[in-house]
Structures are given as structure tokens and as C-alpha cells.
Amino acid sequence: MTPTNRRFFIMQVAGAATALSVAAAHAQSGGPKLAETDPQAMALGYKEDTTKVDARKFPNHAASQNCANCQLFQGRPKEAMGGCPLFAGKQVAAAGWCSAWNKKAA
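Predicted model, so just to flag it, every value in this text is computed and none were measured.

**Some words on the side chain of Gln-65**
Examined against the element boundaries, Gln-65 turns out to sit in the loop between helix 2 (39-43) and strand 1 (81-83). Residue Gln-65 is classed as buried on the basis of its relative accessible area, which comes to 11%. Not counting the four nearest positions on each side in its chain, Gln-65 is found in contact with Thr-50, Asn-60, Gly-96, Trp-97 and Trp-101.

**Description of the pattern of salt bridges**
Enumeration according to the criterion identifies six salt bridges in this entry. Two residues, Glu-48 and Lys-33, come together in a salt bridge whose shortest N-O distance is 3.5 Å. With Glu-48 in the loop between helix 2 and strand 1 and Lys-33 in the loop between helix 1 (3-29) and helix 2, this pair connects stretches of sequence that are 15 residues apart. Taking the shortest distance from any N to any O, the salt bridge between Asp-54 and Arg-56 comes out at 3.9 Å. Given the relative accessible area of 34%, Asp-54 is considered partly exposed. For Arg-56, a relative accessible area of 76% gives the class exposed.

Criteria and cut-off values
- Throughout this description, residue numbers start from 1 for each chain and increase along the sequence as written.
- Restriction of local features to residues with pLDDT of at least 70 applies here, the model being predicted, together with a cutoff of 80 or more for giving and counting side-chain atom pairs; totals for whole chains, interfaces and linings are based on all residues.
- Note that water and hydrogens are dropped before the side-chain values are worked out from all heavy atoms of the structure.
- Each helix is a run of H or I in the DSSP string that is no shorter than four residues. Each strand is a run of E no shorter than two, and both are numbered from the N terminus.
- Think of it in three bands: residues with accessible area under 20% of the maximum for their type are buried, residues over 50% are exposed, and the middle band is partly exposed, with areas taken using a 1.4 Å probe on protein chains only.
- We call two residues in contact when some of their heavy atoms are within 4.5 Å.
- When a carboxyl oxygen of Asp or Glu is within 4 Å of a side-chain nitrogen of Lys or Arg, the pair counts as a salt bridge.

Structure follows, in C-alpha cells:
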């Protein structure tokens, strides 16, 4: 490897490392809050507050169900918001609910 190629390679590695650290920081901040008007949220009947779910539209919903006790919720216990793989890059409310709710294993 010539010095020019080595220098170019090191600059590329440094640039990639910077890009990865920025992406990781963004992922930790969680991204934007999911809006109830988001097309995916509407398709799954997402509500930020589980008590506001339409019982006629979702008869299997129970008041004890919320994102925080869903298997898909990626937030830490007692956090108000957390990630969900169904809404990539967006944060869901721990007190929220959607029709994909699945009880978290104990």
C-alpha cells in the first residue's frame, strides 16, 4: 500500500466511524414521537393513551394493556416513551396501545 492509499483508507475509516457514532447517538435519543395520524399508526389503531381506544372497533382491547407491557416495546421500565419495531425510528408512548399488542413474557 502506498502512503497515499494508506492516508485515503485512514480518512475513510475515520469518516465511517464518525457516521456510525452519529447514527448511534440518534438511535439512543429515540427519534421522533409517533403521531396518531401516522398512516402505520392509523392502520394499527395506535393511541397514545390506552384509555382512549375505541372499544367497539377493538373489542379485544383491555384497559390493562399498554405499550409498556407489550412484548414489542423497547423502552426501559418506567420510561414514558420507547421504541417499537412496528414503527421504526419513532417513539411510542408507554401508556399507548395498538392492535398488535402482545403480552410481555414475565
